[in-house]
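Summary of the model geometry
Next come the chains, spelled out residue by residue.
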Amino acid sequence: MEAKPNEVEEVETSSEDAEDHPQGGGWKTFPFVLGSVLGLSVAAGGWASNLIVFLITKFNVKRISATQINNIILGTNSLFPIAGAFIADSFLGSFSVVSIFSFISLLGMIMSTLIATIHSLRPSSCPPGSLTCEGPSKFQYSVLYAALTLASLGLGGTRFTIATMGADQFRKPHDQGVFFNWYFIVLYLPTSSASPPSSMCRTTWDGD
């Protein structure tokens, strides 16, 4: 049975309307998605790039131990996005995963801020080069590891899942390509400029 000409025109018109008006928010959601990526990148880049300096100067951790902790955190930051993508694809969806892990990231940042401001959550200050520095207690280590775990989970669950969520707002490949271009610019720009001052690094590594 052949379709009538008016029926064919209606099908073509509806398909064009679907492309022009996708189910996602389209360009209306573009600044909100990129704003979220920018905020998460600034927060993650800030604590990740200064973690070794903080552990040595504020937490009285030896240089080798601080480097080992930093390497573990970098490894988990690279592996957690796989778990976040699996949860988003199999169970909750991108938006739910991004929302949940953004809140987890916020908890990690709050705990990190509390560690940096409350003296009882970190050992007493120690002069550079001193051999009698007081090490962290088990409780202080527990709070530190809990903060780093939450921050890493939040980063892993949002870092690339939000890219999928943003691309789902568009149907045209060209629009998705433009989104991904801006996404990676916003993702890596704060991280590339979040390195500690060179004078601080020299003071840190000259210690112990």
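The rules behind each value
Residues numbered from 1 in each chain as written. Predicted model: local features only at pLDDT ≥ 70, side-chain atom pairs only at ≥ 80, totals over all residues. Heavy atoms only, no water. Helix = DSSP H or I, 4+ residues; strand = E, 2+ residues; numbered from the N terminus. Buried < 20%, exposed > 50% of the residue type's maximum accessible area, 1.4 Å probe, protein only. Contact = heavy atoms within 4.5 Å. Areas by Shrake-Rupley, 256 points an atom, 1.4 Å probe, with all protein chains shown as cover. pLDDT = per-residue confidence, 0-100. UniProt positions renumbered as here; feature names shortened; annotations may be inferred. Expected span 1.5 Å × (residues − 1). Axes fitted to C-alpha atoms, helices over the stretch in contact; angles between N-to-C directions. Parallel < 35°, antiparallel > 145°, perpendicular 65-115°, else oblique. Left-handed = near helix turned anticlockwise from the far one by under 90°. Nonpolar A, V, L, I, M, F, W, Y, C, P; charged D, E, K, R; others polar. Polar contact = N/O pair within 3.5 Å; in protein donor to acceptor, adjacent residues only side chain to side chain. Core = buried A, V, L, I, M, F, W, Y, C linked by side-chain atoms within 4.5 Å. Phe/Tyr/Trp six-rings, centres within 6.5 Å; stacked < 30°, edge-to-face > 60°.

Looking now at the overall build of the protein chain. Looking only at helices and strands, the protein chain has 9 helices and 0 strands in total. Tracing the protein chain from N to C terminus, the helices and strands come up as α-α-α-α-α-α-α-α-α. Residue burial in the protein chain is summarised as follows: out of 208 residues, 34% are buried. A fraction of 77% describes how many contacts in the protein chain between residues 6 or more apart in sequence connect residues 24 or more apart. For the protein chain, the exposed area adds up to about 12500 Å²; of that, 64% sits on carbon and sulfur atoms.

Glancing now at the confidence of the model for the protein chain. The share of residues in the protein chain with pLDDT of 70 or more is 76%, and the mean pLDDT across the chain is 75. Counting interchain partners and residues more than four positions distant, the pLDDT-below-50 stretch residues 5–22 has 6 contacts.

UniProt's entry tags residues 32–57, 69–88 and 94–115 with the feature "transmembrane region" (unreviewed entry), counted in the numbering of this structure. The span residues 94–115 is 100% helical and 0% strand by assignment, and the distance between its end C-alpha atoms comes to 31 Å.

On to helix H2 (residues 30–49). End to end, H2 covers 28 Å across 20 residues, agreeing with the expected 28 Å (1.5 Å per residue, within 8%). Among all positions in H2, only Phe30, Val33, Leu34, Val37, Leu40, Ser41, Ala44, Gly45 and Trp47 are buried.

What follows concerns the packing of H2 against helix H6 (residues 138–158). Axis separation between H2 and H6 bottoms out at 11 Å; the angle between their running directions is 140°. Comparing their axes, H6 and H2 come out oblique. The handedness of the crossing between H2 and H6 comes out as left-handed. Where H2 approaches H6, its residues Leu40, Ala44 and Trp47 are matched on the opposing element by Leu148, Ala151, Ser152, Leu155 and Thr158. Of the residues that constitute the contact of H2 with H6, the class distribution is 6 nonpolar, 2 polar and no charged.

Bringing the side chain of Gln140 into the picture now. For Gln140, the location among the structural elements is in helix H6. Among the polar contacts listed, one links the side chain of Gln140 to the backbone nitrogen of Ser137, at a separation of 3.0 Å. Dropping the residues within four chain positions of it, Gln140 is found in contact with Phe59, Ser120, Leu121, Arg122, Pro123 and Gly135.

This next bit is on the nonpolar core. Ranked by size, the top nonpolar core spans 20 residues in total, and within it Leu55, Phe59, Ile115, Leu144 and Leu148 carry the most contacts. Contributions of two or more residues to this core are made by H2, helix H3 (51–57), helix H4 (63–92) and H6. Setting aside residues up to four positions removed in sequence, Leu148 forms contacts with Trp47, Leu51, Ile69 and Ile73. Among the nonpolar cores identified, the runner-up in size contains 14 residues, and Val33, Tyr183, Val186 and Leu187 belong to it.

Now for the packing of aromatic side chains. Each aromatic ring pair is specified by the distance between its two centres and by the angle formed by the two planes. Throughout the structure, instances matching the rule amount to 13 aromatic pairs. Of the aromatic side chains, those joined through ring pairs into one cluster are Trp27, Phe30, Phe170, Phe179, Phe180, Tyr183, Phe184 and Tyr188.

So, about the packing of H4 against H6. With their axes 7 Å apart at the nearest point, H4 and H6 run at an angle of 40° to one another. Judged by the angle between their axes, H4 and H6 are oblique. The hand of the H4/H6 crossing is right-handed. Contacts from Ile69, Ile73, Thr76, Asn77, Phe80, Pro81 and Gly84 of H4 reach H6 at Tyr145, Leu148, Ser152, Leu153, Leu155, Gly156 and Gly157. Class assignment of the residues belonging to the contact of H4 with H6 gives a composition of 8 nonpolar, 6 polar and no charged.

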